[in-house]
Amino acid sequence: MFYHYKIIFYIFSFFLLHNIFIFAKTVYPFEIEKGSVHYTIKGGGILTAETNLSVDGHAKLTFKSRGIQNVIEESGVISTQGSIKYNQEVKRFEKTTQDTYIVADYENEQLIEHPKSYTNIYEEHITDGYVKQNKEEVAGLECINWTKNGIQKCMYKGIVLKHTFKAYGISYTKVATKVYLDMNISEDECLLPDYPLHDFGLHNSGFKANTLNKPEDFCKTLKSESNIEISAVVDSIHLKDKNRISFINKISNTIFEKQITLLPELMTALQKTRACLHIGENPFEANQCIEHFTTMKDKLGTKENNFIILWDEQRKNELLDKIENELIYLQARMPCIKRAKNITDLSTCMR
């Protein structure tokens, strides 16, 4: 009897140790030990009948230990033209270490540290559910294309050299321009922004935890397969298509949220500026009057040079007419703006 128990114990121990070995096995995203990849980012298309979108930027991937440690940096400009005028500079910084995942929140000037999760860190490099396609040369290297639901990734030893997305008249392309492999990576290339570091689980008075709807989330939403419905593989620009409208509203939510917050503030600023300019007697006072108005326009992405050097009756009347016209335009649309639930509604309001 003891012999049988001994056999069972050995078998149980074998499977236990085997499973521990499997779970302890390190997963490496890349087949290259270390390197860096520089990218350009282009994108855009038709959002609504009244509004177009454009995306322009660049990115850099720096990695060690076959991707276990890496830094992803992206910066650029997202803008809309037409009835909605929007211009937003975006920055993204994400650093993966052996145990943690650190994201820079530039708006609140802080770093947020998450527990390490391969699911969200390496999703850009995963090809599960993708179909293997043709080969392509990118930045002097031959990569293999993988496609799924309007997304195409060209992979070289686990590294994405080209990431494209096209659906409903909206496109996004992130393509490598320079690739440096098996090169020395200096510590300076992996430095964090000089912001305080907060654990994701901490919630105290000094920690601003609301990091949703940041401008940098727009591109992540646009290229994330988790946000794309199967029907999006159809490159349709039928503006009244319900699936297309749903998709457009989802990827543009960041722009919409900012617009509906700032437009009422702009109207208030216009009213105060108008009243102030009426009593302004010199260029110094006039420039003080328009300071808040100019700041609001900057926040909405419309840079205007209204600096006043000469202040006479003609210049005063010209500026007051301009303010009055903008105010009348906004006041007429404000009830519609307040009812708007998404970018499609807002675009119709602003036409």
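Predicted, not measured: the structure shown is a model, and the values here were computed from it.

Any two packed helices are characterised by the angle at which their axes cross and by the distance between the axes. For the pair helix α5 (residues 253-279) and helix α7 (residues 313-339), the least separation of the axes is 9 Å and the interaxial angle reads 150°. For the pair α5 and α7, the sense of crossing is left-handed. Residues Ile260, Leu263, Pro264, Leu266, Met267, Leu270, Gln271, Thr273, Arg274, Leu277 and His278 of α5 lie in contact with α7, whose contacting residues are Lys316, Leu319, Leu320, Ile323, Glu324, Glu326, Leu327, Leu330, Gln331, Met334 and Ile337. Here the contact of α5 with α7 is built from residues that sort into 14 nonpolar, 4 polar and 4 charged.

A separate point is the environment of Trp311. Relative to the elements of secondary structure, Trp311 occurs in the loop between α6 (283-299) and α7. What makes Trp311 buried here is its relative accessible area of 12%. As for Trp311 and Glu285, which are separated by 26 residues in sequence, their C-alpha atoms are 9.6 Å apart. Side-chain polar atoms of Trp311 contact the backbone oxygen of Gly280, separated by 3.0 Å.

A word on the pattern of salt bridges. In this structure the tally under the stated criterion is 9 salt bridges. Arg92 is the salt-bridge partner of Glu74, the closest N and O atoms lying 3.0 Å from each other. Highlighted residues: Glu74 in strand β3 (residues 69-82) and Arg92 in strand β4 (residues 86-96), separated in sequence by 18 residues. For the pair Glu74 and Arg92, one class covers both residues: buried. Where Arg92 meets Glu94, a salt bridge forms, and the shortest distance between an N and an O atom there is 2.9 Å. By the burial criterion, Arg92 is buried, and Glu94 matches it. Salt bridges sharing common partners tie together Glu74, Arg92, Glu94 and Lys174.

What follows is about the packing of α5 against α6. Close contact between α5 and α6 brings their axes to 9 Å; oriented N to C, the two are set at 170°. Considered as vectors, α5 and α6 are oriented roughly antiparallel to each other. The residues of α6 that touch α5, namely those facing Lys258, Leu262, Glu265, Leu266, Ala269, Leu270, Thr273, Cys276, Leu277 and Ile279, are Glu285, Ala286, Cys289, Ile290, His292, Phe293, Met296, Lys297 and Lys299.

All right, on to the state of the cysteines then. Counted according to the given criterion, the structure contains 3 disulfides. Cys143 shares a disulfide with Cys154; S-S distance 2.0 Å. An S-S torsion of about 95° defines the bridge between Cys143 and Cys154 as right-handed. Linking Cys143 in strand β8 (residues 141-148) with Cys154 in strand β9 (residues 151-156), this pair joins segments that are 11 residues apart in sequence. For Cys143, a relative accessible area of 0% corresponds to the buried category. The buried category is assigned to Cys154, whose relative accessible area is 0%. Each sulfur of the disulfide joining Cys276 and Cys289 lies 2.0 Å from the other. Disulfide Cys276-Cys289: torsion about the S-S bond near -65°, hence left-handed. Of the two residues, Cys276 is situated in helix α5 and Cys289 in helix α6; the sequence distance between them amounts to 13 residues. The class for Cys289 is buried, based on a relative accessible area of 7%.

A cluster of acidic residues, Asp312, Glu313, Glu318 and Asp321, forms a negative patch at the surface. With respect to the helices and strands, the residue Glu318 is situated in helix α7. Given a relative accessible area of 43%, Glu318 falls into the partly exposed group.

Before going further, it helps to examine the environment of Asp194. Following the sequence through the fold, Asp194 ends up in the loop between β11 (170-181) and β12 (197-199). Taking C-alpha positions, Asp194 is 8.7 Å from Leu111, a pair spaced 83 residues apart along the chain.

Moving on, we come to the pairing of strand β7 (residues 131-138). Bridge analysis of β7 against β8 gives 6 bridges, and the strand direction is antiparallel. Across the sheet, residue Val138 finds its bridge partner in β8, namely Leu141. Connecting β7 to the antiparallel partner β8 that follows it, the hairpin turn spans 2 residues, and Ala139 within it adopts a positive phi of roughly 55°.

Let us now look at α6. For α6, which comprises 17 residues, the first-to-last C-alpha distance of 24 Å matches the rise-based estimate of 24 Å (1.5 Å per residue) to within 8%. Considering bend angle alone, the principal kink of α6 is centred on Glu291 and spans about 35°. Check the buried side of α6 and you find it contacts α5 and α7. Between a side-chain oxygen at the N-terminus of α6 and the backbone nitrogen of Phe284 the separation is 3.2 Å; the capping residue is Asn282. Backbone geometry just downstream of α6 places Gly301 in the positive-phi region, at approximately 90°.

Time to look at the packing of aromatic side chains. Going through the model one piece at a time under the given rule, you end up with 4 aromatic pairs. The interplanar angle of 80° and the centroid separation of 6.0 Å between the aromatic rings of Tyr106 and Tyr195 together place this pair among those described as edge-to-face. Of this pair, Tyr106 sits in the loop between β5 (100-105) and β6 (110-115) while Tyr195 sits in the loop between β11 and β12, placing them 89 residues apart in sequence. Summarising the aromatic geometry, the rings of Phe165 and Phe247 are spaced 5.8 Å apart at their centres and angled 45° between planes, so their arrangement reads as tilted. Linking Phe165 in strand β10 (residues 159-167) with Phe247 in helix α4 (residues 242-251), this pair joins segments that are 82 residues apart in sequence.

Rules and cut-offs
Residues numbered from 1 in each chain as written. Predicted model: local features only at pLDDT ≥ 70, side-chain atom pairs only at ≥ 80, totals over all residues. Heavy atoms only, no water. Axes fitted to C-alpha atoms, helices over the stretch in contact; angles between N-to-C directions. Helix = DSSP H or I, 4+ residues; strand = E, 2+ residues; numbered from the N terminus. Left-handed = near helix turned anticlockwise from the far one by under 90°. Contact = heavy atoms within 4.5 Å. Nonpolar A, V, L, I, M, F, W, Y, C, P; charged D, E, K, R; others polar. Buried < 20%, exposed > 50% of the residue type's maximum accessible area, 1.4 Å probe, protein only. Polar contact = N/O pair within 3.5 Å; in protein donor to acceptor, adjacent residues only side chain to side chain. Salt bridge = Lys/Arg side-chain N within 4 Å of Asp/Glu carboxyl O. Parallel < 35°, antiparallel > 145°, perpendicular 65-115°, else oblique. Disulfide = S-S within 2.5 Å. Patch = residues over 30% accessible without salt bridge, like charges linked within 9 Å, V, L, I, M, F, W, Y side chains within 5 Å. Areas by Shrake-Rupley, 256 points an atom, 1.4 Å probe, with all protein chains shown as cover. Lys, Arg positive; Asp, Glu negative; His and termini not counted. Charge placed at Lys NZ, Arg CZ, Asp CG, Glu CD. Pairing = 2+ DSSP bridges. Expected span 1.5 Å × (residues − 1). Bend = angle between axes of the 7 residues up to and from the residue. Phe/Tyr/Trp six-rings, centres within 6.5 Å; stacked < 30°, edge-to-face > 60°.

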